[in-house]
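# Summary of the model geometry
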Amino acid sequence: MLRSKAFSLLKSIPLMSGQSNLAYKFIHPAIASHGHCCHRRSVDYRQRYETHPGSAGGRTISAPQTKVMAEEELPGVLILDIGGAHGVLENLAALLKKHFCLITMKEFLQNKKEMSKKIQSIFVFECRPIIDRELLESLPNLKVIGNSGVGVDHLDLKMISSFGVKVTNTPHAVADPTADIGMALMLASARRLVEGCQIAVSPDTKYFGVDWLGVEVTRATLGIVGMGSIGYRVAQRARAFDMRILYHNRNRRRKEEEEAVGAHYCEKMEDLLQQSDFVMVVVNLTPETHKLIGKKELGLMKPTATLINISRGAVIDQDALVEALQNKVIRAAALDVTYPEPLPRDHPLLKLNNIIITPHIGTATVQAIRMMAEEAITNMLAVLNGQPIPSEVFPK
């Protein structure tokens, strides 16, 4: 819910003018008006689909042209809703409508017999709709679930695969904005920007204390846990600050990739933790990474170190983190993710002054949200066309 507020600036984009943003339990005007997309017409939904150079990580992804389908319908895509607190943003719904017949969950539940035949894909936005066995059993023609975002820990991949349904994600669209938020959190925590802002605007402030100090990022040591596409982009940014960069990953990067960013591989995560001034966690949430950073790992870090998490909240043992921050085991933490989201209002993490928490906004930019939708559409169309899938996720 908090994150949906971060997207409010998108509503100023006049892609679907004249539509109000009602709570999702009501029928949005767009829902009543989108039914025409299911009418029979001559259309080739297997059309060429290209993202612009600024989209999907700068790549151009195309599905080859096929013959126009005579008097056929667009393939149905199931979404939770349009607009409201949890629905697909209106401008993204406009993108989907170019290639699919949009069917909301409410419409599906009201007419399961008819709608279940039309639905060939599901567009998952902000982890919704929830994909469970009951839903999959009711969609005999479902071929693909297009997840908007890179993390798929909210999807039971093995169960979905057992129904013969493919899952895709959008890794190319998320890398840069997520790396940006990681650097932003590191800088904000190091220079105590949140506290500083509060001091500067407080009506009780009469002078600025000369002993109110932060620490420097320049020439400090950054340890990156997880050197995938996001972690590597963090390293690229950190190099501009002349940081010493260490990384731990399941697989070591090629020598030329390490040299390009000046990164040094740590086979053991413990070595990285002991040496780093800032530890940034950038891993997928899996059974192996659940509570990857716990009491033992926090105890290995420097007392002057800062922990930054831009992956998933459950990667960190939050009880252990509370204890470490309270007892000054580490200097500070900066989190874009927690478990759950949002935290209960009485959670002890919210009462600490050596932590920054943001509402999971790593990809909450106008550009990234659109790019993720474009990449998801490209993936779904590839599956429906029987073409190579740019970003398929396989169960382990």
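A brief structural summary. (Residues numbered from 1 in each chain as written. Predicted model: local features only at pLDDT ≥ 70, side-chain atom pairs only at ≥ 80, totals over all residues. Heavy atoms only, no water.)

## Considering the packing of helix H8 (residues 171-190) against helix H15 (residues 366-385)
For the record, the criterion: Every angle, taken between N-to-C directions, lies between 0 and 180 degrees, and every axis is a line fitted to C-alpha atoms, over only the stretch in contact when it is a helix. Helix and strand assignments come from DSSP, with helices taken as H or I runs of at least 4 residues and strands as E runs of at least 2, each series counted from the N terminus. Geometric relationships in this document are graded by angle, where less than 35 degrees denotes roughly parallel, more than 145 denotes roughly antiparallel, 65 to 115 denotes roughly perpendicular, and other angles denote oblique. Helix crossings fall into two classes, left-handed where the near helix is turned counterclockwise from the far one by less than a right angle and right-handed where it is turned clockwise. Contact definition: two residues touch when any of their heavy atoms are within 4.5 Å. Throughout this entry, Asp, Glu, Lys and Arg are counted as charged residues, while Ala, Val, Leu, Ile, Met, Phe, Trp, Tyr, Cys and Pro are counted as nonpolar. The remaining residues, Gly among them, count as polar.
Their axes nearest at 8 Å, the elements H8 and H15 cross at an angle of 165 degrees. Taken together, the axes of H8 and H15 lie roughly antiparallel to each other. Classified by chirality, the crossing of H15 by H8 is left-handed. Each of Pro-171, His-172, Ala-173, Val-174 and Pro-177 in H8 lies in contact with H15, whose residues at this interface are Ala-368, Met-371, Met-372 and Glu-375. A per-class count over the contact of H8 with H15 returns seven nonpolar, one polar and one charged.

## Examining the sheet that holds strand S11 (residues 278-281)
Put simply, the rule is: When DSSP finds two or more bridges between two strands, those strands count as paired.
On the basis of which strands lie adjacent, the open sheet formed by seven strands has the order S10-S9-S8-S11-S12-S13-S14 and parallel pairing. Only two strands of the sheet have a single neighbouring strand rather than two, namely strand S10 (263-265) and strand S14 (355-357). Strand-to-strand twist across the sheet, computed as the mean angle between neighbouring axes with direction ignored, equals 20 degrees. Here strand S13 (residues 332-335) runs beside S14; their pairing, made up of three bridges, is parallel. Residue pairing in the sheet places Ala-334 in a bridge with Ile-356 of S14. Taken strand by strand, helix H14 (residues 318-326) contacts strand S12 (306-309), S13 and S14, and its axis lies near 140 degrees from that of S13.

## Regarding the packing of helix H3 (residues 90-97) against H15
In contact at an axis separation of 10 Å, H3 and H15 are set at 25 degrees when each is read in the N-to-C sense. Between H3 and H15, the crossing angle belongs to the class labelled roughly parallel. In the crossing of H3 with H15, the sense of the turn from one axis to the other is right-handed. For the pair H3 and H15, the contacting residues are Asn-91, Leu-92, Leu-95 and Leu-96 in the first and Ile-369, Arg-370, Ala-373, Glu-374, Ile-377 and Met-380 in the second. Taken together, the residues that form the contact of H3 with H15 break down as seven nonpolar, one polar and two charged.

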